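This is what each chain is made of:
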Amino acid sequence: MKRIMIVCLGLLSALHVRAAVAKSITCTYPQDQALTFDVPKKLGGLPPIEFDYSSKVTRFSFRDNNLLLVAMDEVEQTRVRIIISAQFDKAKGTYSGQIVTDTGGNQLMLDNGPVTCKVKS
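Residues numbered from 1 in each chain as written. Predicted model: local features only at pLDDT ≥ 70, side-chain atom pairs only at ≥ 80, totals over all residues. Heavy atoms only, no water.

The next point concerns the side chain of Arg 81. The residue Arg 81 is located in strand 5 (residues 80-89) in this model. Given a relative accessible area of 3%, Arg 81 falls into the buried group. Apart from the residues within four sequence positions on either side, Arg 81 is in contact with Phe 51, Tyr 53, Ser 55, Ala 71, Met 72, Asp 73, Val 100, Thr 101, Asp 102, Thr 103, Gly 104 and Gly 105. (Helix = DSSP H or I, 4+ residues; strand = E, 2+ residues; numbered from the N terminus. Buried < 20%, exposed > 50% of the residue type's maximum accessible area, 1.4 Å probe, protein only. Contact = heavy atoms within 4.5 Å.)

The seven strands are arranged 2-1-7-6-5-4-3 in an open sheet whose pairing can be described as antiparallel. Edge positions in the sheet fall to strand 2 (33-38) and strand 3 (55-63), since each of these pairs with one other strand and no more. The average undirected angle you get between the axes of adjacent strands in this sheet is 20°. Taken together, the six bridges between strand 1 (residues 24-29) and strand 2 define a ladder with antiparallel strand orientation. The residue bridging Cys 27 from the neighbouring strand is Leu 35, located in strand 2. (Pairing = 2+ DSSP bridges. Axes fitted to C-alpha atoms, helices over the stretch in contact; angles between N-to-C directions.)

Let's shift gears to the confidence of the model for the chain. Low pLDDT marks regions whose predicted coordinates should not be analysed in detail. For the chain, the average pLDDT comes to 87, and 82% of its residues sit at 70 or higher. Across residues 5-9 the pLDDT falls below 50, and counting only partners more than four positions away or on other chains, this stretch makes zero contacts in the model. Here residues 11-19 is modelled with pLDDT under 50, and outside its nearest four sequence neighbours on either side it reaches six contacts, counting other chains as well. (pLDDT = per-residue confidence, 0-100.)

To continue, consider the state of the cysteines. Scanning the model with the defined rule gives one disulfide in all. Note that Cys 27 is cross-linked by a disulfide to Cys 117, the S-S spacing being 2.1 Å. The disulfide joining Cys 27 to Cys 117 has a torsion of about 110° about its S-S bond and is therefore right-handed. Of the two residues, Cys 27 sits in strand 1 while Cys 117 sits in strand 7 (residues 110-120), which places them 90 residues apart along the sequence. For the pair formed by Cys 27 and Cys 117, the shared burial category is buried. (Disulfide = S-S within 2.5 Å.)

What follows is the structure, given as structure tokens:
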């Protein structure tokens, strides 16, 4: 039983170290667009982002080989501007998934497509 606990703790600390070492993430998506943001130093922190419209990240998770980012419009706080959901692809060493963006001004203009995110230490 002690061996199992030690192995589990070792694996969890290795996952935590990989997430803690990451400093920035760059996500590329259709039409040669990219979004780069820093990984918060504290667990539960929210990264600032730069997007076509002023947006604030409201949900961010980067652990267990998953990446999730949700950003809302700063003025119209119920309007979703960005959603990124990606999973780690061990073969490629990147995170692959889907992105939804709203680049419309007064009107809703949603774009949905693939996203690839690279982590830089």
